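Topology and contacts: notes
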Amino acid sequence: MDADTDVDVIVVGAGPTGLMLGAELALGGVRVQILERRTEAQRQSRALTLHPRSVELMDQRGLVERFLARGRAVPGWHFAGLDTRLDFSALDTRHGYTLFLAQARTEQLLAERAHALDVPIRRGYEVVGLRQDDGSDGGRGSGDGRGGRTDPGRVEVDVRGPGGDLRTVRARYVVGCDGGRSAVRRAAGIEFPGTDETLTGALGDFAVVDPAALDRARAHGVLIAPLEPEPEPEDERTDGGPAEGRPGGLTRIVLVDPRRMRTPAAEPLTLEEFRTSLADICGTDCGVAQPRWLSRFGNATRLAARYRAGRVLLAGDAAHIHFPAAGQGLNTGLQDAMNLGWKLAAEINGWAPPGLLDSYHAERHPIGQAVTENTEVQTLLMELTLLPPYQRPAAALRRLLTELLGIEEVNRRLAGRISALDTAYPPTAADADPLVGRRMPDVALTAADSTAGRAHELLPPGRFVLLDLAGDEELRRTVTTGWGPRVTALTVTRHEHHTDLDGVREILIRPDGHIAWATRTPALPARRIERHRALTDWAGRPARR
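It should be emphasised that the depicted structure is a prediction, and the values quoted were computed from it without experimental measurement.

Below, the discussion takes up the nonpolar core. Counting residues in hydrophobic clusters, the biggest one holds 69 residues, and the most contacted among them are Val9, Ile10, Phe67, Val157, Val175 and Leu344. The biggest single contributor to this core is helix α8 (residues 329–349), with eight residues. Setting aside residues no more than four positions away along its own chain, Ile10 makes contact with Gln33, Leu35, Val157, Val169, Arg170, Ala171, Tyr173, Val174 and Val175.

Below, the structure written as C-alpha cells:
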C-alpha cells in the first residue's frame, strides 16, 4: 500500500521499538504510520528475551497473556556470564522472570497490536532525507495548552518506495526507530558519539545439532538456546491477519572465539568457520548443520547526543547501541517507546504542559547511558578471560564478583538494574514525595463502584490514573470536569499492603506506569490544592468551565 502523504507522526522502522511506539501513539489518538525499509517482516531474531519491566509494560496494556502464551519464563538471569545468577524472582513484581521469546515473535505480536489499532505499516519504504520547518515556536509545541490545535511546523521526509520512485511525505513529527545506522538520526544531524567495534562474537541458528554435545559446549561458555518455530512471513498468511508459527524450531548457538574475536562484524560468517570455532573452544562442533542464519555481532557502543532535535526524535537502537550483554537492547527500546508515546500524543493533541516532550530526553538519555556503561563492563569482564596476559587475574576477578552476587542485597541491586525494575525518573519538584518517578507497585485493590483488580489493570487505556486512598467525595467530579479525557479518577476502598504506600493518600500514575505525584498531606483542603497543581503540571490545563 502507498504511504500516506500527510499524518501526525511518521515512525521510521518496524522493529519492536517502532511497532510499540506506533501502537502507543494510536492509543493516544494520533494519526501515525510506520515506514519500514524491508519488504517483509524480519524472521531472524537477534534478541531473545523480554525482561521483567518489559513484561510489565505488556501487562499494563492488557497484552501480557499473548506474550506469556508464546514465551518461556526463566527465573534467573546473568551478568557477564558469571556463575551466580541474578534472581529476578526476588524483585517486587508479579513478573519476576525473563521471558524467553524470540524477537521475530515479539515483532509479530506487536504488529498484531498495531493492526488492531489501525496503524498502517508500510513496507518497502526507505528514508533518504528529511527537512523540518520548526515554525514560530521552534518545534517545541503544537497546541495552545487547552486542547486546541495549532500547526506551527512540519517535517518533510523523502522516501524511496517499493518501485524505486522517490516521494515526499509530511508529518508534524518524525521518530527514528531505524536502528544503529539510523537514516533519521543522520539526516537530523544528531551526533552519535562512542567507541568503535573492538570485539565480535558469532551466532548461528541451526536446524540440526547433536544434543549429546551441547552440555559440553555450555561448560566451555558457549550459549545454547532452543528457539520456538518461526512466525510465518506476512505474504504467506491466508486470512489477511497475523499468522501463527510453523512447526520445527531451531537451536541458537552463540560464542566468542579468541582466535577470531577481532574479525570485523561485517565480514560474512561461514558454516565451516563456525564449526571450527566450536571445535577450538570445546572440542566438538556439536554436529551443527542446516544453518538458517549465521551472523557476527560487535561491541561498538554509542549513545545519541540528543534524543530530540526539533520535530525529530530517536528511540531504540537509533539512540543507543552496545554489545548484547544481558539482553538489554530490545528491552531498553520498548521502554523508550512507552515513555515517548504518551508525551508525543499529548503534544500532538495540544494539551501537553510546557517541557513535557523535552522530558523524554531528560528521562531516557541517562537510562541509555547506564545501559551502555554496564554492557561495556560486562564485555570487558568476558574479554579479559580470553586474553592470555589477563586470564589469571580476570578469572580471580570473576570469582570475586560471583561471590559478591551471592550476597542478597548485591544480587537484588544488580537484578533491579538489569531488569529495569529500578528505573526511577528524577522528580521535577524539590519537595516531591519519594515515590515520584518510580514504578507504581502492582498492588491488588478495590475501587468504589468497581470490582477488585490490580493497579496495572487500570492502565490499558493509556490515560493518567488518579487513586484516592483517603476518600474525597469531590474527587471524581473535580477530575472529570477538568481533565476527564486524560485522567481516570478512582476512590480506593481497600488495597494490598505495600510498605511504600504507608501514609500515602493520593497517587497520580502516568500512562507509562510511573508515578507522577503522590501526597501524604492529611488536610483535605491542602491536598486538593496539591492535586490541582499536580494535574495541571502533568495533564495540562483543566478544561474551561
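Moving on from the model shown.
What follows concerns the pairing of strand β11 (residues 166–176). As paired elements, strand β1 (residues 6–12) and β11 share six bridges and run parallel to each other. Its bridge partner being in β11, Val12 is matched across the sheet by Gly176. Looking at chain direction, strand β10 (residues 154–160) and β11 are connected through six bridges and run antiparallel. Note on β11: the bridge partner recorded for Val157 is Val169. Of the strand pairs in this sheet, β11 and strand β19 (residues 312–314) are connected by three bridges, and their pairing is parallel. Along β19, the bridge assignment pairs Val174 with Val312.

Under the counting rule described, the total for this entry stands at 41 salt bridges. The partner of Arg454 in a salt bridge is Glu457, and the shortest N-O contact between them spans 3.5 Å. Take Arg454: its relative accessible area is 18%, and that puts it in the buried class. What makes Glu457 partly exposed here is its relative accessible area of 44%. Note that Glu506 and Arg527 form a salt bridge whose closest N and O atoms lie 3.0 Å from each other. Of this pair, Glu506 sits in strand β25 (residues 506–509) while Arg527 sits in helix α13 (residues 524–539), and the two are 21 residues apart along the sequence. This pair shows no difference in class: Glu506 is buried, exactly as Arg527 is. In this structure, a network of salt bridges that share partners links the residues Asp59, Arg94, Asp442, Arg454, Glu457 and Glu496.

Below, the discussion takes up the pairing of strand β2 (residues 32–36). Looking down a regular strand, the side chains alternate between one sheet face and the other. For β2, a buried count of five out of five residues is recorded, marking the element as mostly surrounded by other parts of the structure. Of the two faces of β2, the one holding Val32, Ile34 and Glu36 and the one holding Gln33 and Leu35 are both buried throughout. Of the strand pairs in this sheet, β1 and β2 are connected by four bridges, and their pairing is parallel. Among the inter-strand pairings, Val12 is bridged to a residue of β2, identified as Leu35. Handedness of the β-α-β unit built from β1, helix α1 (residues 16–27) and β2 comes out right-handed.

Let's shift gears to the layout of surface pockets. Its boundaries defined by the atoms lining it, the second largest pocket holds a volume of some 560 Å³. Counting only elements with at least two residues in the lining of the second largest pocket, the list comes to α9 (359–384), β26 (515–519) and α13. When the residues that make up the lining of the second largest pocket are grouped by side-chain class, the tally is 15 nonpolar, six polar and eight charged.

The next thing to look at is the side chain of Glu506. Of the residues examined, Glu506 reaches a relative accessible area of 0% and is grouped as buried. One polar contact links Glu506 to Arg527, side chain to side chain, over a distance of 3.0 Å.

Here the protein chain averages 92 in pLDDT, and 92% of its residues register 70 or above. Across residues 136–150, confidence stays below pLDDT 50; counting only partners more than four residues off in sequence or on other chains, it has 45 contacts. Taken together, the stretch residues 235–247 has pLDDT below 50 and engages in 25 contacts with residues farther than four places along the chain or on a different chain.

Closest axis-to-axis distance for the helix α12 (residues 475–483)/α13 pair is 12 Å, and the angle between their directions is 30°. By the angle class used here, α12 and α13 are roughly parallel. Crossing hand, α12 versus α13: right-handed. Across the interface between the two elements, Leu475, Val479 and Trp483 from α12 touch Arg531, His532, Leu535, Thr536 and Ala539 from α13.

Our next topic: the packing of aromatic side chains. Tallied over the entire structure, the rule returns five aromatic pairs. Plain terms: the ring middles of Phe297 and Phe323 are 5.4 Å apart, the flat faces sit at 45° to each other, and that makes the pair tilted. Taken together, the residues Phe297 in strand β16 (residues 289–298) and Phe323 in the loop between β20 (320–321) and α8 connect sequence positions 26 residues apart. Exposure remark for Phe297: the relative accessible area of 10% places this residue in the buried category. Between Tyr307 and Tyr360 the ring centres are 5.7 Å apart and the planes differ by 45°, which places this aromatic pair in the tilted class. In this pair, Tyr307 is assigned in the loop between β17 (301–303) and β18 (308–309) and Tyr360 in helix α9, connecting sequence segments 53 residues apart. For Tyr307, a relative accessible area of 0% translates into the label buried.

Definitions and cut-offs
- Residues numbered from 1 in each chain as written.
- Predicted model: local features only at pLDDT ≥ 70, side-chain atom pairs only at ≥ 80, totals over all residues.
- Heavy atoms only, no water.
- Core = buried A, V, L, I, M, F, W, Y, C linked by side-chain atoms within 4.5 Å.
- Buried < 20%, exposed > 50% of the residue type's maximum accessible area, 1.4 Å probe, protein only.
- Helix = DSSP H or I, 4+ residues; strand = E, 2+ residues; numbered from the N terminus.
- Contact = heavy atoms within 4.5 Å.
- Pairing = 2+ DSSP bridges.
- Salt bridge = Lys/Arg side-chain N within 4 Å of Asp/Glu carboxyl O.
- Right-handed = clockwise from strand over helix to strand, strands pointing away.
- 1 Å grid on protein atoms, 1.4 Å probe; cavity = no way out; pocket = protein on both sides within 12 Å on 5 of 7 lines; lining within 4 Å.
- Points joined across faces, edges and corners; volume = space filled by probe spheres on them.
- Nonpolar A, V, L, I, M, F, W, Y, C, P; charged D, E, K, R; others polar.
- Polar contact = N/O pair within 3.5 Å; in protein donor to acceptor, adjacent residues only side chain to side chain.
- pLDDT = per-residue confidence, 0-100.
- Axes fitted to C-alpha atoms, helices over the stretch in contact; angles between N-to-C directions.
- Parallel < 35°, antiparallel > 145°, perpendicular 65-115°, else oblique.
- Left-handed = near helix turned anticlockwise from the far one by under 90°.
- Phe/Tyr/Trp six-rings, centres within 6.5 Å; stacked < 30°, edge-to-face > 60°.

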